[in-house]
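As a plain string of letters, each chain reads:
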Amino acid sequence: MIDFSLSTEQQALVEKARDFTKTFVSPVAAKHDRSGEFPHEVAKEFFKAGLMNPHIPKEFGGHGRTVLDHLLVMEEISVGCTGIGTAIDANSLSQTPVIVAGNDAQKKEFLGPMTEECMFSAYAVTEPEAGSDVARVKTTATKHGDDYVINGVKWWITGGSVASWYFVLAKVDTKPTGFLVPADTSGIIRGAKEHNLGQHCSNTVRVTFEDVKVPSKYRVGEEGDGFRIAMDTFAHTRPGIAIGATGLARAALNLSLEYAKRRRTFDKKLISNQGISFKLAEMITKIDAARLLAHKSAWLVDNGKDNNREAAEAKWYASDVAMEAAVQAAQILGGYGFTNEMPVEKLIRDAKIYQIYEGATEIQKMVIVAKLMRLREV
Ligand SMILES: Cc1cc2nc3c(=O)[nH]c(=O)nc-3n(C[C@H](O)[C@H](O)[C@H](O)COP(=O)(O)OP(=O)(O)OC[C@H]3O[C@@H](n4cnc5c(N)ncnc54)[C@H](O)[C@@H]3O)c2cc1C
């Protein structure tokens, strides 16, 4: 059976997220883009509204929401501002390894407090010489009695300087292994905030680990499980990246539609020209397609099915749709598309990261091809 309708609860969630965006996100989007200041106030409201940390299981005090339900929320937030969206939702990425592979004691200790107050955590995997090729991480975790001692540099870590704890991928001998590391552990050095092209208020920093002692009980899974855990995490989070990009594309379409209906050139409205209206038709069609891919990949993982190919399809396709929609919006708005009087230039800057983080476009295509290679026909 195929049924594309939302349940009453899901519809209510969409409306709640839409209201939240109108009240708390859109009004401060330009301010945070200019200042780069972390949106602490928005995050506190997001937490109060019960929209933060969606996936923490109910038995640990969380909302226990599905990936699909989370997508419904994040599409709306992303229409308002994807920089704020990334900043206030980065917990979803770092919490997922604990949810999919942590034991009950780890869930209680690391996730439990996050259901009581607005706190942050970060996913520390990428290194100067290991981004796409995660297995090349050089950070080491050396066993000393019942502890591990972690040494290495992680960079471009979202939420790295506001996090209370990190999920860290380090090698025990040659085995990539996941660890939960409280941020106040001695030997952790947080770098300065990076000046990124877009999503300015999202906090991206380098985090250095110098002889950081971590008890064995904070190891996630077994030694050598780290790569699998990192990949399982992406299966849950890439649909969310895809929906963030879809929300951004919607924002680009909204601005384009409003302007094309209002602006007059050569005695008629801009939208009366097929050269412009066809751009709008293409935008909405691609937005619909991106959303469907994202929803399907979320539905698959929510139902315990392998979604690696579908999540990769959704992530690369929606990222390209966002980038294209933002650039087309600038064309439709003419000069206004280029100046910062209108938010289209921000959309172009914000869109670019979707083609890079959580696996760049090329990596998504590699995942898709790897699955195709195992098939005789499709
Ligand atoms: C703003 C921001 C936030 C981030 N947040 C986090 C975070 O919270 N946690 C975290 O761990 N990481 C984070 N990252 C890191 C991000 O996931 C990596 O930047 C990304 O995975 C790409 O890795 P790389 O930069 O090392 O590029 P590289 O791996 O060096 O790749 C460079 C380019 O080559 C392409 N490429 C690589 N290999 C191949 C190949 N075999 N075939 C074809 N093309 C290839 C890539 O697709 C890319 O376009 C963040 C990055 C940024 C910029």
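Quick caveat, the model's predicted, so the values are computed rather than measured.

What counts, and where the lines are drawn
- Residues numbered from 1 in each chain as written.
- Predicted model: local features only at pLDDT ≥ 70, side-chain atom pairs only at ≥ 80, totals over all residues.
- Helix = DSSP H or I, 4+ residues; strand = E, 2+ residues; numbered from the N terminus.
- Buried ≥ 20, exposed ≤ 12 C-beta atoms within 10 Å, placed from the backbone.
- Contact = placed C-beta atoms within 7 Å.
- Pairing = 2+ DSSP bridges.
- Axes fitted to C-alpha atoms, helices over the stretch in contact; angles between N-to-C directions.
- Parallel < 35°, antiparallel > 145°, perpendicular 65-115°, else oblique.
- Nonpolar A, V, L, I, M, F, W, Y, C, P; charged D, E, K, R; others polar.
- Core = buried A, V, L, I, M, F, W, Y, C linked by C-beta atoms within 7 Å.
- Expected span 1.5 Å × (residues − 1).
- Bend = angle between axes of the 7 residues up to and from the residue.
- Domains from an automatic or database assignment.

## Focus: the overall build of the protein chain
Inference 1: The helix and strand inventory of the protein chain stands at 11 helices and 10 strands.
Inference 2: Structurally, the protein chain occupies a C-alpha span of about 80 × 50 × 40 Å along its principal axes.
Inference 3: Counting across all 378 residues of the protein chain, residues that qualify as buried make up 50%.
Inference 4: Across the protein chain, the fraction of contacts at a sequence separation of at least 24, relative to all contacts at a separation of at least 6, is 76%.

## Examining the pairing of strand β4 (residues 165–172)
For a regular strand, side chains alternate in direction, first toward one face of the sheet and then toward the other.
Inference 1: Within β4, 7 of the 8 residues are buried, which leaves it mostly tucked inside the rest of the structure.
Inference 2: One ladder, built from 4 bridges, connects strand β1 (residues 121–124) with β4; its direction is parallel. Each residue of the ladder has a partner; that of S121, found in β4, is W165.

## What about the environment of L6?
Inference 1: If you trace the backbone, L6 turns up in the segment before α1 (8–35).
Inference 2: Under the C-beta neighbour-count criterion, L6 is labelled partly exposed, with 14 such atoms within 10 Å.
Inference 3: L6 sits 266 residues away from S272 along the chain, and the two C-alpha atoms are 34 Å apart.
Inference 4: The residues contacting L6, other than those within four sequence positions of it, are Q11 and V14.

## Regarding the packing of helix α3 (residues 67–80) against helix α4 (residues 82–89)
Inference 1: Direction vectors running N to C along α3 and α4 enclose 135°, while the axes themselves pass 6 Å from each other. Comparing their axes, α4 and α3 come out oblique. Taken together, the residues of α4 that come into contact with α3 (itself represented by M74, I77, S78 and G80) are T82, I84, G85 and D89.
Inference 2: Of the residues belonging to the contact of α3 with α4, the class tally is 3 nonpolar, 4 polar and 1 charged.

## A look at the nonpolar core
Inference 1: Counting residues in each nonpolar core, the largest one holds 109 residues, and the members touching the most others are F179, A249, A252, A322 and A326.
Inference 2: For this core, the element with the highest residue contribution is helix α7 (residues 226–262), accounting for 16 residues.
Inference 3: Not counting the four nearest positions on each side in its chain, A322 is found in contact with A245, L248, A249, A351 and Y354.

## Looking at α7
Inference 1: Spanning 37 residues, α7 covers 54 Å between terminal C-alpha atoms, matching the ideal 54 Å at 1.5 Å per step.
Inference 2: The largest bend along α7 measures about 40° and falls at H236, with the proline P239 one to four residues further on.

## Examining the domain arrangement of the protein chain
Inference 1: We note that the domain assignment places domain 1 (8–115), domain 2 (121–222) and domain 3 (227–373) within the protein chain.
Inference 2: Each partner contributes to the interface: domain 2 provides 12 residues, whereas domain 3 provides 10 residues.

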